[in-house]
Amino acid sequence: MAPALWPCVSRILWLACLLPLAPTGLAAGLYELRLTTDSPATTGAEVTITASLVASDNGSLALPANIHFYRFHWIHTPLLLTGKTDEAFSSTIRAVGHEPGDFPVSVWVTAANCWMCQPVARSLVILSFTELLVGNLIVTQNASLPWPSSYLSKTVLKMSFLLHDPNSFFKTASFLYSWDFGDGTQMVTRDPMVYYNYPTIGNFTVTLKVVAEWEQATLDAGKGITQKTGDFSASLKLHETLQGIQVSGPTQIESFQKMEVTLNFLGSPPLTVCWRLKHECLPLEEGECRPVSVPDTAYNLTHVFRDPGDYCFSIRADNVISKTHQYHRIQVWPSSMQPAVFAFPCATLITMILALIMYVSLRNAHQKDMVEVADFDFSPMSVKNPEPPTGVKCCCQVCCGPFLLETPSEYLEVARENHGLLPPLYKPVKTYTV
């Protein structure tokens, strides 16, 4: 009979084990764990991790009134656990890491009377340990600027080192600080705070080397000096406020002339420049002109006035620190060169027309002379021009004929008489009558 009762007893025991799981199963997914820690830390220092059980919908779900309703379970290997504190809905542990690296620490929550049950919530955090010192180099100035890492030149800067030591691991250590301000100036102090003034604008990098030393017990029951170091840096952008704008350019000019104006900015670049031409000197409103980026302290403006009158250049410039306005009045007179500007194209056109007429006339005259050359004269040469002596004919007619004759027509006449007729292309056909 005993064997027959064993299945019934086992079922009853199994149901009894499931009873504690009822509220836990219903609560699964309704809560979450939030973890906070003071990591990273140096090796040998103590790290604190706190886990808090909260409702998933930002606290609208009421937590159970029984403070012993849940239990927190931690896994922190290989970190060495140095302490643990449990409260109603939170748990805190303290652990030490003796090796550098990143180590995971996990935690989950179950019902207090059933630690093997399904977790109500779980979470994970990574703790970082390093052989170096942990801290921050902080730079501040009385004249705070809304841009990161931007400061005013010729104004004192406060630089301080803040050691991250939440559990007072370095309470007996002595520190040495070596400063390098990036402009050739170096300093060694025992105080973690210094004041420095940069006289010029530019980009600088401040570097700090921190050395910590303290006595620590050794394995042979003695004491030894332990040392840890850390290197830190901060980038600085030193600017100068805009004191004004110097405008170099004419104050009077004629219309249709190109005007050049040079702007010299009394401040540190980069700058944003905006200008507009008005009849009155009024400040520029937002969106009234298109800004231009200027990487230097000088900028050139060019403009051509078409209408005479009184004008004013309204100029606005700003950098990451401040902004300024400047005005430049200019009087434009009517241009005395304006008629000549229109007369030049007309004169050019008239000259081209006259040249074309002359070219056509000379060409027609030349063609007429060529036609006259074909007009043969069969009169005896002795009647028209008696032959000079042989030597004279060779010298005058052949060599100097074109230059001794009075007109070109006379030269053509002589050339025509000195050459015989061309032979006919076809021989004449003789006809005989028998």
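This one's a predicted model, so the numbers in the text were calculated from it and none came from an experiment.

Definitions and cut-offs
- Residues numbered from 1 in each chain as written.
- Predicted model: local features only at pLDDT ≥ 70, side-chain atom pairs only at ≥ 80, totals over all residues.
- Heavy atoms only, no water.
- Core = buried A, V, L, I, M, F, W, Y, C linked by side-chain atoms within 4.5 Å.
- Buried < 20%, exposed > 50% of the residue type's maximum accessible area, 1.4 Å probe, protein only.
- Helix = DSSP H or I, 4+ residues; strand = E, 2+ residues; numbered from the N terminus.
- Contact = heavy atoms within 4.5 Å.
- Pairing = 2+ DSSP bridges.
- Axes fitted to C-alpha atoms, helices over the stretch in contact; angles between N-to-C directions.
- Phe/Tyr/Trp six-rings, centres within 6.5 Å; stacked < 30°, edge-to-face > 60°.

Student: Looking at this structure, how should I read the nonpolar core?
Tutor: Across soluble globular proteins, you tend to see nonpolar side chains buried next to one another. Core analysis: the largest hydrophobic core is formed by 26 residues, its most contacted members being Met159, Phe175, Trp179, Phe181, Tyr198, Val210 and Leu236. Contributing elements (two or more residues each) for this core: β9 (135-141), β11 (156-163), β12 (174-180), β14 (193-197), β15 (202-217) and β16 (223-239). The element that contributes the greatest number of residues to this core is β15, accounting for 6 residues. Counting 25 residues, the second largest nonpolar core, distinct from the first, contains Leu79, Phe89, Ala121 and Val125.

Student: Can you walk me through the environment of asparagine 264 in this structure?
Tutor: Note that asparagine 264 resides in strand β19 (residues 258-265). Counting along the chain gives 33 residues from asparagine 264 to threonine 297, while the straight-line C-alpha distance between them is 5.8 Å. Excluding anything up to four places from it in sequence, asparagine 264 contacts Gly244, Ile245, Gln246, Ser248, Thr297 and Ala298.

Student: Help me understand the sheet that holds strand β22 (residues 298-304), please; the structure alone is not making it clear to me.
Tutor: The strands that make up a sheet are held in pairs by hydrogen bonds between backbone atoms, and each pair lies either parallel or antiparallel. Spatial strand order, β17-β19-β22: 3 strands in an open sheet with antiparallel pairing. Among the strands making up the open sheet, the edge pair consists of β17 (245-248) and β22. The sheet shows a mean angle of 25° between the axes of neighbouring strands, taken without regard to direction. By the bridge criterion, 4 bridges tie β17 to β19 in an arrangement that is antiparallel. Counterpart to isoleucine 245 in the pairing with β19 is phenylalanine 265.

Student: Would you mind going over the packing of aromatic side chains with me for this structure?
Tutor: What describes a pair of aromatic rings is the distance from one ring centre to the other and the angle between the planes of the rings. Applying the stated criterion across every chain yields a total of 16 aromatic pairs. Ring geometry for tyrosine 196 against tyrosine 198: centres 4.9 Å apart, planes inclined by 80°, an arrangement best described as edge-to-face. The residues tyrosine 196 and tyrosine 198 share a single accessibility class, namely buried. Taken together, a centroid distance of 5.5 Å and an interplanar angle of 50° make the contact between tryptophan 275 and phenylalanine 313 tilted. Taken together, the residues span a long stretch of sequence, with tryptophan 275 in strand β20 (residues 271-278) and phenylalanine 313 in strand β23 (residues 309-318) at a distance of 38 residues. We classify phenylalanine 313 as buried; its relative accessible area is 2%. In textbook terms, an aromatic cluster arises when at least three aromatic residues are bridged by ring pairs, as seen for Phe161, Phe169, Phe170, Phe175, Tyr177, Trp214 and Phe232.

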